[in-house]
Amino acid sequence: LAERLGVPIRAVELHRFPDGESLVRVAEPARDAVLYRSLDHPNDKLIEVVLAASALRDNGAEHLVLVAPYLPYMRQDVAFRPGEAVSQRVIGAWLAGHFDAIVAVEPHLHRTDDLAKVFPGCASVAVGAGPALADVLRTDGAGARTVVLGPDEESAPLAAATAEPLGLDWGVGEKIRSGDRDVAVTLPESLDLNGRPVVIVDDVVSSGMTLIDCASAALARGAGSVEALAVHALYPDDVSPLLDAAGIARIRSGDGVPHRSNAVSLHGVLAAALDDFMQ
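Residues numbered from 1 in each chain as written. Predicted model: local features only at pLDDT ≥ 70, side-chain atom pairs only at ≥ 80, totals over all residues. Heavy atoms only, no water.

Quick question: what am I supposed to make of the overall build of the chain here?
A tally of helices and strands in the chain yields eight helices and 14 strands. A compact globule built from 279 residues should have a C-alpha radius of gyration of about 19 Å, and the chain, at 20 Å, falls within 12% of that. Taking the principal axes of the C-alpha coordinates as reference, the chain spans close to 60 × 45 × 35 Å. In the chain, buried positions account for 47% of the 279 residues. When contacts within the chain are restricted to residue pairs at least 6 apart in sequence, those whose partners lie at least 24 apart make up 65%. (Helix = DSSP H or I, 4+ residues; strand = E, 2+ residues; numbered from the N terminus. Rg over C-alpha atoms; globule rule 2.2 N^0.38 Å. Buried < 20%, exposed > 50% of the residue type's maximum accessible area, 1.4 Å probe, protein only. Contact = heavy atoms within 4.5 Å.)

Written as structure tokens, this is what we have:
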């Protein structure tokens, strides 16, 4: 990303004490700084990002941008039951107090229609990953019979942004979630999958259950093959055999979250957003 932007890169030094506390040190003063840190497994990382922001401010940073390809704590945007913390509001206000701008890729928003509402008084950019996923399919030489499939209505913008530049058919299913690992996906009857290669696209894969059920539904409808493209892969290694058993021939994910499935470069869409944002 730094090379694409034509700016120098410096590592933030991190030390963790035996009691779990973190010490953060920045290398040198900078008036304008972009702090890059994907916030998967967020609890330690959020503390360290805020400490790094403070250190950068203390060392003269006047304009500070957080690039967090994966942004956590976005799903809890209301209190679903009495007594629950609204984590989106808490984390959003906390980060907004330390940065001038925040950039994320396909933030997993539900009822919040604009990332700006998450970060009061702070500029924000929600970067779409569709062009990056489309580039992968373009490099693959995806044929005209390929169908891009999203598992639910929330995935429709991503499916459209992936398929339409390549002139591919696309559609979305209907997902009913009864629990963290209890998911059922129904595909529209109007979508012809018979003998056709299917590529499932989704923003986040954590338990893998949505992908598994969507793949099973596609194969039951006669799909010739099923692959998946994920923007953020959060699933542990023990989920991979389940994905294989479901008939998913391959899953490739964006490199914003380090994962064994990384094969989609997000630095292009991030650089384009930062170029526009920082001019």
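Help me understand helix α3 (residues 87-96) in this model?
Among all positions in α3, only Ser-87, Gln-88, Ile-91, Gly-92, Leu-95 and Ala-96 are buried. Viewed along the axis of α3, the buried residues span an arc of 145°, placing them on a single side of the element. Of the surrounding secondary structure, the elements contacted by the buried residues of α3 are α2 (42-58), β4 (63-67) and β5 (101-105). (Arc of directions from axis to C-beta.)

Would you mind going over the nonpolar core with me for this structure?
One finds Leu-56, Leu-66, Leu-71, Leu-95, Phe-99, Ile-102 and Phe-119 to be the most contacted residues of the largest nonpolar core, which totals 29 residues. Per element, the largest residue contribution to this core is seven residues, and it comes from α2. Not counting residues up to four positions away in its chain, the partners in contact with Leu-71 are Leu-95, Ala-104, Pro-107, Leu-115 and Phe-119. Leu-191, Cys-214, Ala-218 and Val-239 belong to the second-largest nonpolar core, a separate cluster that totals 27 residues. (Core = buried A, V, L, I, M, F, W, Y, C linked by side-chain atoms within 4.5 Å.)

Would you explain the environment of Pro-157 in this entry?
Position of Pro-157 among the secondary structure elements: in helix α5 (residues 156-163). What makes Pro-157 exposed here is its relative accessible area of 58%.

Would you explain the pattern of salt bridges in this entry?
Pairs may arise between side chains of opposite charge once their charged atoms sit close together. Taken as a whole and judged by the stated rule, the model has 15 salt bridges. One salt bridge in this structure joins Arg-25 and Glu-13, with 3.1 Å as the shortest N-O distance. One end of the pair, Arg-25, is in strand β2 (residues 22-25); the other, Glu-13, is in strand β1 (residues 13-16), with twelve residues separating them in the sequence. In this structure Glu-13 comes out as partly exposed when scored by relative accessible area, which is 43%. For the salt bridge of Lys-45 with Asp-40, the shortest nitrogen-to-oxygen distance reads 3.2 Å. (Salt bridge = Lys/Arg side-chain N within 4 Å of Asp/Glu carboxyl O.)

Which parts of the structure should I look at to understand a nonpolar patch on the surface?
A cluster of nonpolar side chains, Ile-47, Leu-51 and Trp-94, forms an exposed patch at the surface whose accessible area comes to about 240 Å². Here Leu-51 is to be found in helix α2. (Patch = residues over 30% accessible without salt bridge, like charges linked within 9 Å, V, L, I, M, F, W, Y side chains within 5 Å. Areas by Shrake-Rupley, 256 points an atom, 1.4 Å probe, with all protein chains shown as cover.)

Help me understand the packing of α2 against α3 in this model?
Running from amino to carboxyl end, α2 crosses α3 at an angle of 20°, the nearest separation of the two axes being 11 Å. With respect to their mutual orientation, α2 and α3 come out roughly parallel. Note on element contacts: α3 touches α2 through Ile-91, Trp-94 and Leu-95, opposite Leu-46, Ile-47 and Val-50. The residue makeup of the contact of α2 with α3, split by class, is six nonpolar, no polar and no charged. (Axes fitted to C-alpha atoms, helices over the stretch in contact; angles between N-to-C directions. Parallel < 35°, antiparallel > 145°, perpendicular 65-115°, else oblique. Nonpolar A, V, L, I, M, F, W, Y, C, P; charged D, E, K, R; others polar.)

Sorry if this is basic, but what is going on with the pairing of β5 here?
As a general feature of sheets, a regular strand has side chains that alternate between the two faces. Among the five residues of β5, five are classified as buried, and the element is accordingly described as predominantly covered. With burial as the criterion, each face of β5 is covered, one bearing Ala-101, Val-103 and Val-105 and the other bearing Ile-102 and Ala-104. Bridging between β4 and β5 involves three bridges; their strand directions are parallel. Bridge pairing in β5 links Leu-66 to Ile-102. Chirality of the crossover, the property in question, places the unit of β4, α3 and β5 among those that are right-handed. (Pairing = 2+ DSSP bridges. Right-handed = clockwise from strand over helix to strand, strands pointing away.)

Sorry, what's going on with the packing of helix α4 (residues 130-140) against α5 here?
Two packed helices can be described by the angle between their axes and the distance between those axes. For the pair α4 and α5, the least separation of the axes is 7 Å and the interaxial angle reads 45°. One element, α4, and the other, α5, form an angle in the oblique class. Once α4 is placed against α5, the crossing between them reads as right-handed. The segment α4 lies against α5, with Gly-130, Pro-131, Leu-133, Ala-134 and Leu-137 engaging Leu-158, Ala-161 and Thr-162. Class assignment of the residues belonging to the contact of α4 with α5 gives a composition of six nonpolar, two polar and no charged. (Left-handed = near helix turned anticlockwise from the far one by under 90°.)

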